[in-house]
Amino acid sequence: MVLLKLQFPLQRRVRLAQGLWLLSWLAVLAGAFTFSLGVYLKTELLRRAEVMDNTEIHVVPNILMLVGLVTMGINLFAGRVCQDSLDSARFPPWKPFLLPWYGLAWMVCVWLLSAVVLSYALQGHLEESLKVGLRNGIRFYRDTDVPGRCFQKETIDRLQMELRCCGNTNYRDWFEVQWISNRYLDFTSKEVKDRVRSNVDGRYLMDGVPFSCCNPGSPRPCLQNHLTDNTAHYNYEHQSEELNLYNRGCRQALVDYYMGLMNTIGPGILSVISLQISVLVSLRYLHTSLEGVDPENPEADSEGYILAKGVKETLMDVKTTVFKLLQFGQVEAGDEAEAGADGEKAAS
Amino acid sequence: MAVLKVKFTKTNRDKLAQVLWILNWVSVVTGVILFSLGLFLKVEINKRWELMAERDLHYVPNMLIATGLIACGINFLGGKICYDCADTTKFLRWKLLMLPYVICTFFFTFCILVGALMCYGMRGELEEALDLGLRDAMRYYKDTDTPGRCFLKRTVDLLQIQFQCCGNFGFRDWFQIQWISNRYLDMSRREVVARLRSNVEGKYLMDGVPFSCCNINSPRPCIQHQITNSSAHFNYEYQTEELNLWRKGCRQALLEYYTHIMQSIGFTVLIIWLFELSVLTGVRYLQTSLENVLRQGDPDSESDGWLLENSFVETARSNFNIIKSLGKCNQIDTANNGDPNINVPSTAYYGPDNLPSKQIPMAS
């Protein structure tokens, strides 16, 4: 029982070959598009690499880049095959390569689908990585004189201004960290000494934030210090003030940004998958219809199908072939031992 | 004595026509480029209209847009003409149009040159517009409750952050204006009232700047208030501190930005002008050589092509005379008492004896 059998007169075979040639070139472009999407995503992730703790999320753009290149290769091959397909002399050399080609094309589709799934599944890992990275960034904000950390201040300031966010979860994260270096604190002043003594770790904590948290859309000049003290500023209420600083946390801002990117890339990848599947199906039909052509009558009708037997039977066939291949090694060793034993028996 | 005369064989003429056809199509593309450059400049100027005072800066991008569109049209027509010029019979169709076409294209290339030079010349007006516009924007920084000015604070803050600049000329410009609105000043406090009274206009002036002036490369948290007071901050010296705020003035930053854009655009337009000029020269040679071929009668023969039939001076003189006679067309000739029909004996050469013809007796 053949799967999805179709009749192919000569005219239809010719049209199928032409259509497949066009499709395979489109698929090459789609492969290039996938590769460039991977490169773009990787560049965006690398731009903020300083606030990320690990690089687990990089598996998504890596898959996209690799699969993009493979897609370009296999579709160039498909284009070449269908160019030669209507010439009965040039087509046979390509036949042995077609079965591995189907396997490779299937793998490409599976990998692309897995890239899309991973981009959503790894969101939790991304968030964790950003949480740790941002926490470190905020902690080392003041260490502008420590080599290896001296650019953290600039990185965090730039990040907060570009993404319009403040702190890790929100602006209160800055209250728990000493973000002013000791170099700029006057330890002879009573106020500084009191503040440093007021907590266990001896840190200068204050209810203030850096200037990069300021919201330019606020109608009043930015209030950075004594944020929780309503009396410190005229006409100011801490609880109801919304426009003074950025309300969003940088972790949420970055996760939203990257998820937005993945959401835009997702449909593109799905269309590449469907294009690849259509190339696969068309090439299979072309292959089987050309196999069915009578060599004495090359212009006659022929049948094309996807699978020679039904799905279950094909899977059973594949299973037995695989088992045979696996057992091939074992049977050979057993045979040799038997042959050796026979030889000894004969000798003795 | 023709100007830059060149001999053209039939194959030369055909090849010239083909090359010019391709070049005219390339010129259509450059016309599109010119149009998009003008559009880009217009968009860039419009993006910061709030920071520019009322000055007529739009004539430069409008000129570029108009020239771009006209270039597309003229070169499209030129391509059609040159395509037909390869065949002498088809050339007859365009024969009468070609000279006006060449003249129009000559004036049009002159317009492109004017457009390129205007790009370079716009700088002075732009500087003035930016100076006044930024000064007003800073003055209205605090007016976030006045309709029409409520977004100026945001615009100025984003400008200073994006272009890494502070104030009009430098950060000291903020010391001379009140940039904190009275809504946020506690008038019951003594210091506030004292500060307001300390100057003639009753403005709350301070040696502080908005947060958008802060330099992100500074190793220390930003010092925005009491900038000139070295003792107000620990380990701070006002004169030697360079990284705390942005040092550049926003006028200079914006001017540099726009000058860079306009110089690139001006340079591109000059290149396009040279290209158009070369296409025009080719078309002129093609026109004159084909006209000479028609004059000679044999379509396959060699012919001369030139830029001007006579020298510059003679051509100018003859054109001037044509223009003068065009002007005289409407004037009455006063030599014959205003009657142009009076039979004035001419001094023409009649025959071997030079006898004048008998005058026709007037009917009485």
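Every value quoted in this text rests on a predicted model; they were computed, and no experiment measured them.

Asks: Whenever I open this one, the overall build of chain A confuses me. Can you help?
Replies: Summing up its helical and strand segments, chain A has eight helices and two strands in all. The secondary structure elements of chain A, listed N-terminal to C-terminal, are β-α-α-α-α-α-α-α-β-α. Against the 2.2 N^0.38 benchmark of 20 Å for 348 residues, chain A shows a C-alpha radius of gyration of 33 Å, more extended than a compact globule. With the C-alpha coordinates aligned to their principal axes, the bounding extent of chain A is approximately 105 × 70 × 35 Å. Across the 348 residues in chain A, those meeting the buried criterion constitute 43%. Of the contacts made within chain A by residues no fewer than 6 positions apart, 73% connect residues no fewer than 24 positions apart. Carbon together with sulfur atoms contributes 60% to the accessible area of chain A, which is approximately 18900 Å² in total. Here chain A contributes 34 positively and 39 negatively charged side chains, and the mean placements of these two sets differ by 5 Å.

Asks: Can you walk me through the nonpolar core in this structure?
Replies: Side chains of nonpolar character tend, in soluble globular proteins, to be buried together. By size, the foremost hydrophobic cluster in this structure holds 169 residues, and its most contacted members are Trp 101 and Trp 174 of chain A together with Trp 174 and Val 209 of chain B. The dominant element in this core, judged by the number of residues it contributes, is helix α7 (residues 250-291) of chain A, at 19 residues. Those residues within four positions of Val 209 of chain B in sequence are excluded, and the remaining contacts are Cys 166, Phe 171, Trp 174, Phe 175, Trp 179, Gln 224, Ile 227 and Leu 245 of chain B.

Asks: When you look at the domain arrangement of chain A in this model, what are you seeing that I'm missing?
Replies: It is common to give the size of an interface as the accessible area lost on bringing the parts into contact. For chain A, the domain assignment lists domain 1 (3-137 + 252-295) and domain 2 (171-246). Centre-to-centre, using C-alpha coordinates, domain 1 of chain A lies 52 Å away from domain 2 of chain A.

Asks: Just checking my understanding: could you explain the interface of chain A and chain B for this structure?
Replies: Chain A puts 25 residues into the contact, and the matching count from chain B is 25 residues. Buried surface at the junction of chain A and chain B, summed over both partners, amounts to about 2300 Å²; 66% is from carbon and sulfur atoms. Taken as a group, Tyr 184, Phe 211 and Pro 216 of chain A account for 27% of the area that chain A buries against chain B, more than any other trio of residues on that side. At the boundary of chain A and chain B, one finds zero salt bridges. Counting the contacts that link chain A with chain B gives seven residue pairs in polar contact (both at pLDDT 80 or more).

Asks: What is the right way to look at the UniProt feature "transmembrane region" (unreviewed entry) in chain A in this model?
Replies: Residue and element names in this part refer to chain A. With numbering aligned to this structure, UniProt lists the feature "transmembrane region" (unreviewed entry) at residues 20-41, 62-81 and 101-122. With 100% helix and 0% strand, residues 20-41 has end C-alpha atoms that lie 31 Å from one another. The annotated region residues 101-122 carries 95% helix and 0% strand content, and the separation between its end C-alpha atoms amounts to 31 Å.

Asks: Just checking my understanding: could you explain the side chain of Asn 244 of chain A for this structure?
Replies: All names here are of chain A. In this structure, Asn 244 sits in the loop between α6 (190-197) and α7. Judged by its relative accessible area of 3%, Asn 244 is buried. Here Leu 223 takes part through its backbone oxygen, which lies 2.9 Å from a polar atom of the side chain of Asn 244.

Asks: I'm lost on the UniProt feature "transmembrane region" (unreviewed entry) in chain B in this one. Help?
Replies: What UniProt calls "transmembrane region" (unreviewed entry) maps, in this numbering, to residues 20-40, 60-78 and 98-120 of chain B. In residues 20-40 of chain B, helix accounts for 100% and strand for 0%; the two terminal C-alpha atoms are 30 Å from one another.

Asks: Would you explain the environment of Thr 288 of chain B in this entry?
Replies: Residues and elements named next belong to chain B. Structurally, Thr 288 can be placed in helix α7 (residues 250-296). Residues Thr 288 and Leu 99, 189 residues apart in the sequence, show an inter-C-alpha distance of 9.1 Å. Among all residues touching Thr 288, those that are not within four sequence positions of it are Asp 304, Gly 305 and Trp 306. At 3.1 Å, the side chain of Thr 288 and the backbone oxygen of Tyr 285 are in polar contact.

Asks: Help me understand the state of the cysteines, please; the structure alone is not making it clear to me.
Replies: Working definition: the covalent bond between the sulfur atoms of two cysteines is a disulfide. Per the stated rule, a full pass over the model turns up six disulfides over all chains. With its sulfur 1.9 Å from that of its partner, Cys 166 of chain A forms a disulfide with Cys 213 of chain A. Taking the sign of the S-S torsion, 80 degrees for the link of Cys 166 of chain A and Cys 213 of chain A, the bridge is right-handed. Of the two residues, Cys 166 of chain A sits in the loop between α5 (152-163) and α6 while Cys 213 of chain A sits in the loop between α6 and α7, which places them 47 residues apart along the sequence. Residue Cys 166 of chain A is classed as buried on the basis of its relative accessible area of 0%. One disulfide in the model links Cys 166 of chain B with Cys 213 of chain B; its S-S distance is 1.9 Å. Because the sign of the S-S torsion sets the handedness, a value of about 80 degrees for the bond joining Cys 166 of chain B and Cys 213 of chain B places this disulfide among the right-handed ones. You can see Cys 166 of chain B sitting in the loop between α5 (152-163) and α6 (190-197) and its partner Cys 213 of chain B sitting in the loop between α6 and α7, a full 47 residues away along the chain. Per residue, the accessibility class of Cys 166 of chain B equals that of Cys 213 of chain B, and both read buried. Sequential numbering of the bridged cysteines in chain B gives the disulfide pattern 1-6, 2-3, 4-5.

Asks: Quick question: what am I supposed to make of the packing of aromatic side chains here?
Replies: For any two aromatic rings, the description comes down to two numbers: the centre-to-centre distance and the angle of the planes. Under the defined criterion, the tally for this structure stands at 19 aromatic pairs over all chains. For the ring pair Tyr 257 of chain B and Tyr 258 of chain B, a centre distance of 5.4 Å and an interplane angle of 65 degrees mean the geometry is edge-to-face. What makes Tyr 257 of chain B partly exposed here is its relative accessible area of 27%. In textbook terms, an aromatic cluster arises when at least three aromatic residues are bridged by ring pairs, as seen for Phe 77, Trp 94 and Phe 97 of chain A. Positioned above the aromatic ring of Tyr 204 of chain A is the side chain of Arg 195 of chain A, whose terminal nitrogen or guanidinium carbon lies 5.6 Å from the ring centre.

Asks: Explain unusual backbone geometry here, please?
Replies: Trans peptide bonds make up most of the peptide bonds, and negative phi angles are found at most residues other than glycine. All names here are of chain A. Notably, Arg 164 is not glycine yet its phi reads approximately 55 degrees, a positive angle. Structurally, Arg 164 is set in the loop between α5 and α6. Arg 164 gets classed as exposed once you look at its relative accessible area, which sits at 53%.

Asks: Explain the domain arrangement of chain B to me, please; I cannot follow it from the model alone.
Replies: The domain boundaries assigned to chain B delineate domain 1 (2-137 + 252-301) and domain 2 (171-247). Between the C-alpha centres of domain 1 of chain B and domain 2 of chain B the distance comes to 53 Å.

Parameters and conventions
Residues numbered from 1 in each chain as written. Chains lettered and ligands numbered in written order. Predicted model: local features only at pLDDT ≥ 70, side-chain atom pairs only at ≥ 80, totals over all residues. Heavy atoms only, no water. Helix = DSSP H or I, 4+ residues; strand = E, 2+ residues; numbered from the N terminus. Rg over C-alpha atoms; globule rule 2.2 N^0.38 Å. Buried < 20%, exposed > 50% of the residue type's maximum accessible area, 1.4 Å probe, protein only. Contact = heavy atoms within 4.5 Å. Areas by Shrake-Rupley, 256 points an atom, 1.4 Å probe, with all protein chains shown as cover. Lys, Arg positive; Asp, Glu negative; His and termini not counted. Charge placed at Lys NZ, Arg CZ, Asp CG, Glu CD. Core = buried A, V, L, I, M, F, W, Y, C linked by side-chain atoms within 4.5 Å. Domains from an automatic or database assignment. Buried area = accessible area lost by both parts, 1.4 Å probe. Salt bridge = Lys/Arg side-chain N within 4 Å of Asp/Glu carboxyl O. Polar contact = N/O pair within 3.5 Å; in protein donor to acceptor, adjacent residues only side chain to side chain. UniProt positions renumbered as here; feature names shortened; annotations may be inferred. Disulfide = S-S within 2.5 Å. Phe/Tyr/Trp six-rings, centres within 6.5 Å; stacked < 30°, edge-to-face > 60°. Lys NZ or Arg CZ within 6 Å of the ring centre and 35° of its normal.

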